[in-house]
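Coordinate inspection notes
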Amino acid sequence: MPRVKITVPEHLEMQITQMVEQGEFLNREEAVEELLSTGIKAYKTSGPMEDDDSGGFEDEGMMGHEDEYVF
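Residues numbered from 1 in each chain as written. Predicted model: local features only at pLDDT ≥ 70, side-chain atom pairs only at ≥ 80, totals over all residues. Heavy atoms only, no water.

1. Describing helix α1 (residues 10-21)
Rule in force here: Under the DSSP-based scheme used, a helix requires at least four consecutive residues in state H or I and a strand at least two consecutive residues in state E, with every element numbered from the N terminus. Any helix carries an expected span of 1.5 Å times its number of residues minus one. For every residue, the accessible area obtained with a 1.4 Å probe (protein chains only) is divided by the maximum for its type, and the residue is called buried under 20%, exposed over 50%, and partly exposed between those limits. Throughout, the arc means the angular range of directions from the helix axis out to the C-beta atoms.
Here α1 is 12 residues long and its end C-alpha atoms lie 16 Å apart, about the 16 Å a rise of 1.5 Å per residue gives. Of the residues making up α1, those classed as buried are E13, I16, T17 and M19. Here the buried residues of α1 occupy an arc of 160° about the axis, which is enough to place them on one side.

See below:
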């Protein structure tokens, strides 16, 4: 399986960790793989979300975080 390196905001990392600790996933790798797969399927079904209030990743806190994972 190909390896992917991503950077995520701290709040997403905390949510993933919480789901793993609660037993929803065996480990972080499984959680990220399943959540990403589910998100892609939802995107293909509904298409991109057109939200005029969204200012992009920078406004959502997606830039400048040091949280990186390699799977």
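From this point, things continue past the structure.
2. Overview of the confidence of the model for the chain
As a note on interpretation, predicted positions should not be read in detail where pLDDT is low. Rules: Known as pLDDT, the predictor's per-residue confidence is scaled from 0 to 100. When checking whether two residues touch, look at their non-hydrogen atoms; a contact exists if any pair is within 4.5 Å.
Per-residue pLDDT for the chain has a mean of 79; in total, 66% of the residues score no lower than 70. Per-residue pLDDT, averaged within each element of the chain, yields its smallest value for strand β2 (residues 68-70) (56) and its largest for α1 (97). Segment residues 55-65 is flagged for pLDDT under 50; beyond a separation of four residues in sequence, or across chains, it makes 10 contacts in the model.

3. Some points on a negative patch on the surface
Applied cut-off: For patch detection, residues must exceed 30% relative accessible area and be free of salt bridges, and they are connected within 9 Å for like charges or within 5 Å for nonpolar side chains (Val, Leu, Ile, Met, Phe, Trp, Tyr). The accessible surface values rely on the Shrake-Rupley method and a 1.4 Å probe; as for residues, cover is taken only from the protein chains in view. Only one rule defines a salt bridge in this text: a Lys or Arg side-chain nitrogen within 4 Å of an Asp or Glu carboxyl oxygen. All tallies of charge rest on Lys and Arg as positive and Asp and Glu as negative; His and the ends of each chain are not included. Working definition for charges: the position is that of NZ of Lys, CZ of Arg, CG of Asp or CD of Glu.
Together, E29, E30, E33 and E34 make up a region of like negative charge exposed at the surface. By secondary structure assignment, the location of E30 is in helix α2 (residues 28-46). You can call E30 partly exposed: its relative accessible area is 30%.

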